[in-house]
Amino acid sequence: MSGRLLSVEEYRALGETDRGFTELVEGRVVPSPGAGRRHNMAACRLAGQLERQLPRDLAFALGTDLDLQLAPHGEPGFSRRPDLLVFDRAAVARAGDLIRADEVAVVIEIVSPGSRRTDYRVKHDEYADAGIPHYWIVDLGEPVSLADCRGYMDAAAVTGTFATDVPFPVKLDLDALLS
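Residues numbered from 1 in each chain as written. Predicted model: local features only at pLDDT ≥ 70, side-chain atom pairs only at ≥ 80, totals over all residues. Heavy atoms only, no water.

(A) The pairing of strand β8 (residues 104–111), seen in detail. Burial analysis of β8 places eight of its eight residues in the buried class, which makes it a mostly covered element. Pairing analysis gives four bridges linking strand β6 (residues 84–88) to β8, with the strands arranged antiparallel. For Val 86, the partnering residue across the bridge sits in β8 and is Val 106. Bridge count for β8 against strand β9 (residues 134–139) is six bridges, and the pairing is parallel. The residue bridging Ile 110 from the neighbouring strand is Val 138, located in β9. With helix α3 (residues 116–129) bridging β8 and its parallel neighbour β9, the resulting β-α-β unit is right-handed. (Buried < 20%, exposed > 50% of the residue type's maximum accessible area, 1.4 Å probe, protein only. Helix = DSSP H or I, 4+ residues; strand = E, 2+ residues; numbered from the N terminus. Pairing = 2+ DSSP bridges. Right-handed = clockwise from strand over helix to strand, strands pointing away.)

(B) Looking closely at the pattern of salt bridges. In this structure the tally under the stated criterion is 12 salt bridges. Among the ionic pairs, Arg 100 bridges to Asp 102, the shortest N-O distance being 3.4 Å. Looking at Arg 100, the relative accessible area reads 28%, which means it is partly exposed. Take Asp 102: its relative accessible area is 55%, and that puts it in the exposed class. Among the ionic pairs, Glu 109 bridges to Lys 123, the shortest N-O distance being 3.1 Å. (Salt bridge = Lys/Arg side-chain N within 4 Å of Asp/Glu carboxyl O.)

(C) Spatial organisation of the side chain of Asp 65. Note that Asp 65 resides in the loop between β3 (58–62) and β4 (66–67). By relative accessible area, Asp 65 is classed as buried at 9%. For Asp 65, the side chain forms a polar contact with the side chain of Arg 81, separated by 2.9 Å. Excluding residues within four positions of it along the chain, Asp 65 makes contact with Arg 12, Ser 79, Arg 80, Arg 81, Leu 98 and Ile 99. (Polar contact = N/O pair within 3.5 Å; in protein donor to acceptor, adjacent residues only side chain to side chain. Contact = heavy atoms within 4.5 Å.)

(D) Local environment of the pairing of β6. The element β6 is extensively covered by neighbouring structure, given that four of its five residues are classed as buried. Bridging between β3 and β6 involves five bridges; their strand directions are antiparallel. The partner of Phe 60 across the bridge, within β6, is Val 86.

(E) Here's a closer look at the layout of surface pockets. Empty space within the largest pocket amounts to approximately 430 Å³. As for the largest pocket, its lining consists of 28 residues, and the residues nearest its centre are Phe 21, Ser 32, Pro 33, Ala 35 and Asp 83. It is helix α2 (residues 37–51) that contributes the most residues to the lining of the largest pocket, four residues altogether. In terms of residue class, the lining of the largest pocket is made up of 11 nonpolar, 10 polar and seven charged. (1 Å grid on protein atoms, 1.4 Å probe; cavity = no way out; pocket = protein on both sides within 12 Å on 5 of 7 lines; lining within 4 Å. Points joined across faces, edges and corners; volume = space filled by probe spheres on them. Nonpolar A, V, L, I, M, F, W, Y, C, P; charged D, E, K, R; others polar.)

Interpretation note: all reported values are geometric properties and have no functional meaning in isolation.
So this is what it looks like as structure tokens:
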């Protein structure tokens, strides 16, 4: 591919690669490090806990592209693929389109050894810039923890059980993500 910067629409037209997945950062296609079995199992277990507790107007998706809407249409853009997304169920009706930042209630990233700085710093700021109200960072280190980031404000990481009423009532058993 040439050094030309891509819009979200042009990036989307590239389709999937055969060597893992990519993301779009300021118009540049960036490969994402492989997550591994432990990470993927934790993501599935977390999705299962979420699914049982989501209000009817919300849906979730694993590993789905997200248009951060940080650039005007047609300009070099940003598309991330968080581990989990909780979003407005009405977005499901737009099959084939990217989920947009303005439809998202929560973005969840599970930290991998190769993504620690990106998850804690880079994506943190991008999600806040995009106006995503909640960004949960799940760290699988001992003990498993979850940091609830609301815009640029971060709560202290929680271990054991994470419980909140916003943006919806949920109680997550963090220790169960690895057992």
